[in-house]
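Structural overview
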Amino acid sequence: MLIECPWCGPRDETEFHYGGQAHVSYPDDPSVLTDEQWARYLFYRDNPQGRFAERWCHGSACRRWFNAVRDTRTHQIVATYRTGESAPVT
Amino acid sequence: MTAQDTADAVPELPATLWRDPEPKRGYDVVIVGGGGHGLATAYYLARNHGITDVAVVDKGWLAGGNMARNTTIIRSNYLLDASAGIYEHAMKLWEGLADDLDCPILFSQRGVLNLAHSPQDVREGVRRVNANRLNGIDAEWLDPRQALEICPILNISPDVRYPVLGATYQPRAGIARHDYVAWGFARAADRLGVDLIQDCEVTGIEVDSGRVTGVSTTRGLLTARKVALCAAGHSSVLAEMAGLRLPVQSHPLQALVSELLEPVHPTVVMSNAVHVYVSQAHKGELVMGAGIDQYNSYAQRGGLHVIQRQLAAALELFPIFARAHVLRTWGGIVDVTPDASAILGLTPIDGLYLNCGWGTGGFKATPGAGWCYADTIANGVPHPLAAPLTLERFATGALVDEHGAAAVAH
């Protein structure tokens, strides 16, 4: 699988580490969450059959984190984009 | 390896093992997923609880998913009491399963070696052996020479990248013929009146006022008093139909076989550190598995580099394999939980039951999971062996952290 690093360009999958679902933000005030709400933040992630916005780290080169939208049915990467940007496609 | 394990001992089964019924309009229990766990659950519902108004529905053919794709390793040498309980229950059922189902399953208790390649591996292995013994599970700690006596083709030279420093050994572990297991459960369930309905994809889960009422399928609506999900890697997709989110992630898990070879490998060897597990099937092919591919996927395939790493590890452990050829590789989709333990029990929706999260290790649990799931469905409360494996543990924090004994080589 070729992955287009937003800084380095297309590289082989073996250069990257996977980081799971993207755009999961830390709770504003964790201390007010119930155990159930905290569990939802800690352990529950989307697991869609289809397009998935996810984090990757280019560990073998620039070592920077970025995001990708990839189809979990085909492994086709629809877009990659820098951390902090919103997904260019959904 | 005994003569019974060799190719000429593989028995023929009849051409037709179960009916192919049209679905009725409703059932007492509908089990979604006709893999090993679904079929075992149906069988034990009928046999142990007298509940026979049961349908097992599958979007494809019976046992065509992970049941056809696993590496058939059976063991129960898990670290924690919760895991040891359900896997050892499964092991005891495996030991009587051929007679129980009146079907050969070629369960060959040839033992499993779990190799240690670092001082930490050694400490973890010794600890697990002691924990196993306290739970009444057969386990021994072997030094490299003793491991070599069990498996003479193992390379215990110190001059390799990851030398073998020792191994845990469970003599009662082994392998079974995975498709015969599925067919045995299917035929036995069918004989007790269970409808096995293939080519029947669930497209919706019907819920009314917090209570499940049935499933919509490509072959029509089936009403049901209870619906039991048993769909491994596709559990998230099904649960979402009922508005339920699960703490599981679906990943590819790849395996491969060589061409048929003379019997050379008398046991099962697993190594978490170098990411490979190897046995030799009854017909003679070497069967190897790897760790999961890192990304989420429903594609039933993974990256070639995972296979390459796994073969490199296998060759270092078994130099004799250098001239063997890869005949076939494949992938299945496994559902992985945050604590590497399964989820088995009730859901917030009345009448909807959940069995998922077995990750890379579902096959070995087949009879035990089916037994406990059937009991949970029949009684509406978790079976004692399944009680630690409820969905609620992720909120209470009572995780069953089996990463050490399960993570790569489940």
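Within chain B one finds 10 helices and 18 strands. Relative to the globule expectation of 22 Å for 410 residues, the C-alpha radius of gyration of chain B, 21 Å, shows essentially globular dimensions. For chain B, the accessible area works out to roughly 15300 Å², and carbon and sulfur atoms hold 53% of it. Of the charged side chains in chain B, 31 are positive and 41 negative; the average position of the first set lies 2 Å away from that of the second.

Frequently, the measure chosen for interface size is the accessible area that the parts lose on association. Residues and elements named next belong to chain B. When its domains are assigned, chain B resolves into domain 1 (21–72 + 179–248 + 338–396) and domain 2 (108–174 + 249–336). Each of domain 1 and domain 2 has a C-alpha centre, and the two are 30 Å apart. Across the domain 1/domain 2 interface, buried area totals approximately 1400 Å², and carbon plus sulfur atoms make up 51% of it. When the buried surface of domain 1 facing domain 2 is broken down by residue, Arg69, Thr71 and Val248 rank first, second and third, together holding 41% of it. Counting every contact that joins domain 1 to domain 2 gives zero salt bridges. Seen at the junction of domain 1 and domain 2, the total is seven residue pairs in polar contact (both at pLDDT 80 or more). Counting residues per element, the side of domain 1 that touches domain 2 draws most heavily on helix 6 (residues 235–241), which supplies three residues. Of the residues assigned to the side of domain 1 that touches domain 2, the class counts are seven nonpolar, 10 polar and one charged.

Let us look at empty space enclosed by the protein. Residue and element names in this part refer to chain B. Per the counting criterion, the structure on display carries one cavity of 30 Å³ or more. One number sums up the size of the largest cavity: a volume of about 70 Å³. Around the largest cavity, the lining is made up of 13 residues, and of these Ser83, Tyr87, Ser341, Ala342 and Leu389 lie nearest the centre. Partitioned by chemical class, the residues of the lining of the largest cavity number nine nonpolar, three polar and one charged.

This part takes up the pairing of strand 2 (residues 54–57) of chain B. Regular strands show a simple pattern: their side chains alternate between the two faces of the sheet. Residue and element names in this part refer to chain B. In strand 2, alternate side chains face the same way, and those of Val54 and Val56 on one face and Ala55 and Val57 on the other are all buried. Pairing between strand 1 (residues 26–32) and strand 2: four bridges, direction parallel. Bridge pairing in strand 2 places Ile31 opposite Val56. At this point the chain moves from strand 1, through helix 1 (residues 36–49), to the parallel strand 2, and the crossover so formed is right-handed. Of the strand pairs in this sheet, strand 2 and strand 8 (residues 195–197) are connected by three bridges, and their pairing is parallel. Its bridge partner being in strand 8, Val57 is matched across the sheet by Ile197.

Residues and elements named next belong to chain B. Among the nonpolar cores identified, the biggest contains 58 residues, and Ile31, Trp94 and Phe185 are the most heavily contacted of them. Of all the secondary structure elements, the ones that give two or more residues to this core are strand 1, helix 1, strand 2, helix 2 (81–101), helix 5 (178–191) and helix 8 (362–379). Sequence-distant contacts of Ile31, defined by excluding residues within four places in its chain, comprise Gly38, Thr41, Ala42, Leu45, Val54, Ala55, Val56, Val57, Ala228 and Cys230. In this structure, Tyr27, Ile197, Ile205 and Val215 belong to the second largest nonpolar core, which totals 33 residues.

Quick notes on the rules
Residues numbered from 1 in each chain as written. Chains lettered and ligands numbered in written order. Predicted model: local features only at pLDDT ≥ 70, side-chain atom pairs only at ≥ 80, totals over all residues. Heavy atoms only, no water. Helix = DSSP H or I, 4+ residues; strand = E, 2+ residues; numbered from the N terminus. Rg over C-alpha atoms; globule rule 2.2 N^0.38 Å. Areas by Shrake-Rupley, 256 points an atom, 1.4 Å probe, with all protein chains shown as cover. Lys, Arg positive; Asp, Glu negative; His and termini not counted. Charge placed at Lys NZ, Arg CZ, Asp CG, Glu CD. Domains from an automatic or database assignment. Buried area = accessible area lost by both parts, 1.4 Å probe. Salt bridge = Lys/Arg side-chain N within 4 Å of Asp/Glu carboxyl O. Polar contact = N/O pair within 3.5 Å; in protein donor to acceptor, adjacent residues only side chain to side chain. Nonpolar A, V, L, I, M, F, W, Y, C, P; charged D, E, K, R; others polar. 1 Å grid on protein atoms, 1.4 Å probe; cavity = no way out; pocket = protein on both sides within 12 Å on 5 of 7 lines; lining within 4 Å. Points joined across faces, edges and corners; volume = space filled by probe spheres on them. Buried < 20%, exposed > 50% of the residue type's maximum accessible area, 1.4 Å probe, protein only. Pairing = 2+ DSSP bridges. Right-handed = clockwise from strand over helix to strand, strands pointing away. Core = buried A, V, L, I, M, F, W, Y, C linked by side-chain atoms within 4.5 Å. Contact = heavy atoms within 4.5 Å.

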